[in-house]
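Here's the letter readout for the chains.
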Amino acid sequence: MHIFEGFLPSPWWQIWFAVSIPVIMYGIYQMNKLVSQRREIVPLLAVAGAFIFVMSSLKLPSVTGSSSHPTGTGMAAILFGPAVTSVLSVIVLLYQSLFLAHGGLTTLGANVFSMGIAGPFVAYAFYKMASKAGMNFYLNVFLATAIANWVTYVVTSLQLALAFPFEGSVFASFKMFALVFATTQVPLAIMEGALTALIMKYVVQIKGDVLVGLNVLTSSAATKLREAME
Amino acid sequence: MTHILDDYAVSSPLRYRNNWLKLTVVAFGILAGVSSNSPFVPLVIAVCMSFATVYFGKVPAGPYFRILAAPAGFVMVSAVIIAFFFGEGEKLFSFEVLGFTLGVGSAGLNMALLVLARTLGGMSCLLFLSLTTPMIELFSVLKATRIPDSFIEISMMMYRYIFVFLEVAMGVKYAQTVRLGYKDFRTSFRSVAMLATNLFIRSWEQGEKLYVSMNSRCYDGKLTMLDEKRPVRLLEIVLTCGYFTLVLAVFYFTRGISFI
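Predicted, not measured: the structure shown is a model, and the values here were computed from it.

Topic: the overall build of chain A
For step 1, the next point in the chain: Each helix and strand counted, chain A has eight helices and zero strands in total.
For step 2, the next point in the chain: Starting at the N terminus and walking to the C terminus, you meet the elements of chain A as α-α-α-α-α-α-α-α.
For step 3, the next point in the chain: In terms of overall size, chain A behaves like a compact globule, its C-alpha atoms giving a radius of gyration of 18 Å where 230 residues would be expected to give roughly 17 Å.
For step 4, the next point in the chain: For chain A, restricting intrachain contacts to residue pairs at least 6 apart in sequence, the fraction spanning at least 24 positions comes to 69%.
For step 5, the next point in the chain: Carbon and sulfur atoms provide 68% of the accessible area of chain A, an area that totals close to 8400 Å².

So, in C-alpha cells, the structure goes:
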C-alpha cells in the first residue's frame, strides 16, 4: 500500500526518512560485503529487483473487482534476507513512483519503512522461526508472506494515523484507517500468500537447487518436498 | 501494465533539456507544495506543472489525466476519513449511522481539502519528472551524488531487466489469455502463479548469463556512461524564475487562508 506524493505533512515525511536511512545504509553495507565476496551476486540482485518490480506491477485477480497488486517483498525477504530486500525495495519503490505513478518522492521514506523494512523483517523472522520449528514449507511461505503484507498495511495505517490524529488521539485514527483499509488488504494478503506458496511449489518442482543455493531450504528438505510431489 | 511512464519520457522533447534544471523545478514544486498551509499553493503548482508537461513535454492530455487520477482511490478514501474525523470544533453537518454520530467539522474538511490539493500538486511534479526524463538521464545525476556505486550499478541493471521481463510477462500473459487462462477466478489464479514462477526461473537464468557475459567483457564493478553537456537556455531560466516567483507570491499571500 503506497502513500502518495504530498500526502504526508511536513514533520512526518522527514521523520520517516530519518528512520529509514540508517537501515538502508546498513543494508548497503551488508550488500557491499556480500558483493566483495561473491561478485556474481550483482547481476543476480539486479534481476531479482527487476523481478520484484514486474511482480508488483502484475494485477492479481481480485474478488472485489478492484485491481490489487502484490507487494512481492515478503517473497524477496524469504529468498534474499531482509537487509538486501530493504535496499532492493528502495530502488523498486523509486521506479514504481517514477514509472507507474505509485507512491512518491517525499513519501519514499515512509513507504520504504512500511514495505521494505517492517514487512520483510517480520516475514523473515517468522519464516526462520517456523522452519526451525518444523512447519510445513508451503504453509510457512503462505503465512510469512501474508504476515509481511499485513505488517506493511498496519504500519501504513499507523503512519497515516500519526500524521492525522483525530481529536488528539492517534489510536482513534489508527483504528479508523486500519478498519477501512482492512477491507482490501485482508483478502489481498491472503491472495498474495497463496500465490507465493504456489510459486514456491513450482520452483521446487522445476528448479529446487536455486532455493538450496539461497539457503532457503536445506538440500534434504528440497528432495523431500520433491519426492512428496511425485 | 502495457504502458509505463518511461515510454512517454523517451519521446518527449524535454528529454534533451538540462537535467539539473528539471530536478530543481520538480524539487521546488514538491517542497513548496508539501510545506504550504493553504490548498492554493499546491493547486497553482498542479496547474503549472500539468501545463508544462502537456504543452512543453508534448504528452497527450488524455493519458496524462488518466495517469494523474491513478492515486485517486487511495487518496479519496483517506481524505474522506480525515474529513469526518480530523480535528475538533463545530460540525458543519452530521448524521447518525448505526447509533454513531458522524459529522464533518470545518477543521476536518479543511485538512482533507489541503491533503487532496497537496497530493495533486505533488503528483503533477512527480509526473513532470517521470514523463519528460527517462531514467537513463537520471543515472548520470545519481552518479554525481555520493550514493554508493553498488547501489547505482544495481539500479542500472535492474532498469534494463525491467523491460526484458515486462516483455516476457506480457507475452506469456497474452498466450495464457488466448487459451482462456483468465476465464474465471480459479484459472486466473493458477495462471498468475505459473507466470510468476516462469518469470522467476527465467530471471534467475538470465542473471547467471548476465554475469558470465559481463565478466567476459572485463566488468570490474563500474559501468561508465556518457554524460552529455546541455547548457540551460535563457528562456528556460526566465520561465523557471517566473514560475518560482508566482508560487512564492501565492505562498505568501494565501498564508492561513482556507476554503471554508
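Points about the overall build of chain B
For step 1, the next point in the chain: Scanning chain B from terminus to terminus reveals 10 helices and two strands.
For step 2, the next point in the chain: Helices and strands in chain B line up, N terminus first, as α-α-α-α-α-β-β-α-α-α-α-α.
For step 3, the next point in the chain: Residue burial in chain B is summarised as follows: out of 260 residues, 46% are buried.
For step 4, the next point in the chain: Taking the intrachain contacts of chain B between residues at least 6 apart in sequence as the baseline, contacts between residues at least 24 apart amount to 74%.

What to know about the layout of surface pockets
For step 1, the next point in the chain: Approximately 980 Å³ is the volume attributed to the second largest pocket.
For step 2, the next point in the chain: Lining the second largest pocket are 30 residues; nearest its centre among them are A:L94, A:L105, A:L108, B:L142 and B:I147.
For step 3, the next point in the chain: Of all the elements, helix α1 (residues 10–37) of chain A adds the most residues to the lining of the second largest pocket, at seven residues.
For step 4, the next point in the chain: Residues that form the lining of the second largest pocket fall into these classes: 26 nonpolar, four polar and no charged.
For step 5, the next point in the chain: Taken domain by domain, the lining of the second largest pocket gets at least three of its residues from each of domain 1 (1–133 + 230–260) and domain 2 (147–229) of chain B.

Regarding the domain arrangement of chain B
Residues and elements named next belong to chain B.
For step 1, the next point in the chain: As assigned here, chain B comprises domain 1 (1–133 + 230–260) and domain 2 (147–229).
For step 2, the next point in the chain: Taken residue by residue, the interface counts seven residues in domain 1 and seven residues in domain 2.
For step 3, the next point in the chain: Across the domain 1 to domain 2 interface the summed buried area is about 630 Å²; carbon plus sulfur atoms make up 66%.
For step 4, the next point in the chain: Between domain 1 and domain 2 we count zero salt bridges in total.
For step 5, the next point in the chain: At the junction of domain 1 with domain 2, the criterion picks out zero residue pairs in polar contact (both at pLDDT 80 or more).
For step 6, the next point in the chain: Each residue belonging to the side of domain 1 that touches domain 2 can be placed in one class, and the counts come to three nonpolar, one polar and three charged.

Here's the deal with the confidence of the model for chain B
For step 1, the next point in the chain: Per-residue confidence for chain B averages 82 on the pLDDT scale, and 89% of its residues sit at or above 70.
For step 2, the next point in the chain: Model confidence for chain B, summarised as mean pLDDT per element, is weakest for strand β1 (residues 91–97) of chain B at 65 and strongest for helix α3 (residues 40–56) of chain B at 89.

Some remarks on the side chain of A:T85
Residue and element names in this part refer to chain A.
For step 1, the next point in the chain: Tracing the backbone shows T85 in helix α4 (residues 82–99).
For step 2, the next point in the chain: By relative accessible area, which is 0% here, T85 ends up buried.
For step 3, the next point in the chain: One polar contact links the side chain of T85 to the main-chain carbonyl oxygen of A76, over a distance of 3.3 Å.
For step 4, the next point in the chain: A polar atom in the side chain of T85 sits 2.6 Å from the backbone oxygen of G81.
For step 5, the next point in the chain: Aside from chain neighbours lying at most four places away, what touches T85 is T73, A76, A77, F80, G116 and P120.

Details of the pattern of salt bridges
Residues and elements named next belong to chain B.
For step 1, the next point in the chain: Summed over the entire model, instances satisfying the criterion amount to four salt bridges over all chains.
For step 2, the next point in the chain: Note that R15 is salt-bridged to E137, the shortest N-O span being 3.2 Å. Of this pair, R15 sits in the loop between α1 (6–10) and α2 (19–35) while E137 is found in helix α7 (residues 135–144), placing the two residues 122 residues apart along the sequence. Each of the two residues, R15 as well as E137, counts as buried.
For step 3, the next point in the chain: Here K183 makes a salt bridge to D184, at a shortest N to O gap of 3.5 Å.

Quick look at the interface of chain B and chain A
For step 1, the next point in the chain: Contacts between the two partners involve 72 residues from chain B and, on the opposite side, 72 residues from chain A.
For step 2, the next point in the chain: The three residues of chain B that bury the most area against chain A are B:F74, B:F200 and B:W204, which together make up 12% of that side's buried surface.
For step 3, the next point in the chain: At the boundary of chain B and chain A, one finds zero salt bridges.
For step 4, the next point in the chain: The interface formed by chain B and chain A contains three residue pairs in polar contact (both at pLDDT 80 or more).

Observations concerning unusual backbone geometry
Glycine aside, a negative phi is what most residues show, and trans is what most peptide bonds show.
All names here are of chain B.
For step 1, the next point in the chain: Positive phi, normally seen in glycine, also occurs at K58, with a value near 55 degrees.
For step 2, the next point in the chain: Along the polypeptide, K58 turns up in the loop between α3 and α4 (61–68).
For step 3, the next point in the chain: For L180, which is not glycine, the phi torsion reads 60 degrees and is therefore positive.
For step 4, the next point in the chain: Relative to the elements of secondary structure, L180 occurs in the loop between α8 (149–178) and α9 (185–215).

A short note on empty space enclosed by the protein
For step 1, the next point in the chain: Under the definition given, this model contains four cavities of 30 Å³ or more.
For step 2, the next point in the chain: Space inside the largest cavity adds up to approximately 60 Å³.
For step 3, the next point in the chain: Lining the largest cavity, in full, are A:A48, A:F51, A:I52, A:M55, A:G72, A:M75, A:A76, A:L79, A:F80, B:F200 and B:S203.
For step 4, the next point in the chain: Elements that contribute at least two residues to the lining of the largest cavity include exactly α2 (41–57) and α3 (73–80) of chain A together with α9 of chain B.
For step 5, the next point in the chain: Of the pockets and cavities examined, the second largest cavity occupies roughly 50 Å³.
For step 6, the next point in the chain: Contributing to the lining of the second largest cavity are A:I52, A:T71, A:T73, A:S89, A:V92, A:L93, A:Q96, A:M115 and A:G116.
For step 7, the next point in the chain: Elements supplying a minimum of two residues to the lining of the second largest cavity: α4 and α5 (108–132) of chain A.
For step 8, the next point in the chain: For the lining of the second largest cavity, the element with the most residues is α4(A), which contributes four residues.
For step 9, the next point in the chain: Of the residues in the lining of the second largest cavity, the class split is four nonpolar, five polar and no charged.

Regarding the packing of α4(B) against helix α6 (residues 106–132) of chain B
Residue and element names in this part refer to chain B.
For step 1, the next point in the chain: It is at 10 Å that the axes of α4 and α6 come closest, and there the two elements cross at 130 degrees. Viewed along their axes, α4 and α6 adopt a mutual orientation that is oblique. The handedness of the crossing between α4 and α6 comes out as right-handed. Contacts between α4 and α6 pair Y64, I67 and L68 from the former with L120, M123, S124, L127 and L131 from the latter.
For step 2, the next point in the chain: Here the contact of α4 with α6 is built from residues that sort into seven nonpolar, one polar and no charged.

The rules we used
Residues numbered from 1 in each chain as written. Chains lettered and ligands numbered in written order. Predicted model: local features only at pLDDT ≥ 70, side-chain atom pairs only at ≥ 80, totals over all residues. Heavy atoms only, no water. Helix = DSSP H or I, 4+ residues; strand = E, 2+ residues; numbered from the N terminus. Rg over C-alpha atoms; globule rule 2.2 N^0.38 Å. Contact = heavy atoms within 4.5 Å. Areas by Shrake-Rupley, 256 points an atom, 1.4 Å probe, with all protein chains shown as cover. Buried < 20%, exposed > 50% of the residue type's maximum accessible area, 1.4 Å probe, protein only. 1 Å grid on protein atoms, 1.4 Å probe; cavity = no way out; pocket = protein on both sides within 12 Å on 5 of 7 lines; lining within 4 Å. Points joined across faces, edges and corners; volume = space filled by probe spheres on them. Nonpolar A, V, L, I, M, F, W, Y, C, P; charged D, E, K, R; others polar. Domains from an automatic or database assignment. Buried area = accessible area lost by both parts, 1.4 Å probe. Salt bridge = Lys/Arg side-chain N within 4 Å of Asp/Glu carboxyl O. Polar contact = N/O pair within 3.5 Å; in protein donor to acceptor, adjacent residues only side chain to side chain. pLDDT = per-residue confidence, 0-100. Axes fitted to C-alpha atoms, helices over the stretch in contact; angles between N-to-C directions. Parallel < 35°, antiparallel > 145°, perpendicular 65-115°, else oblique. Left-handed = near helix turned anticlockwise from the far one by under 90°.

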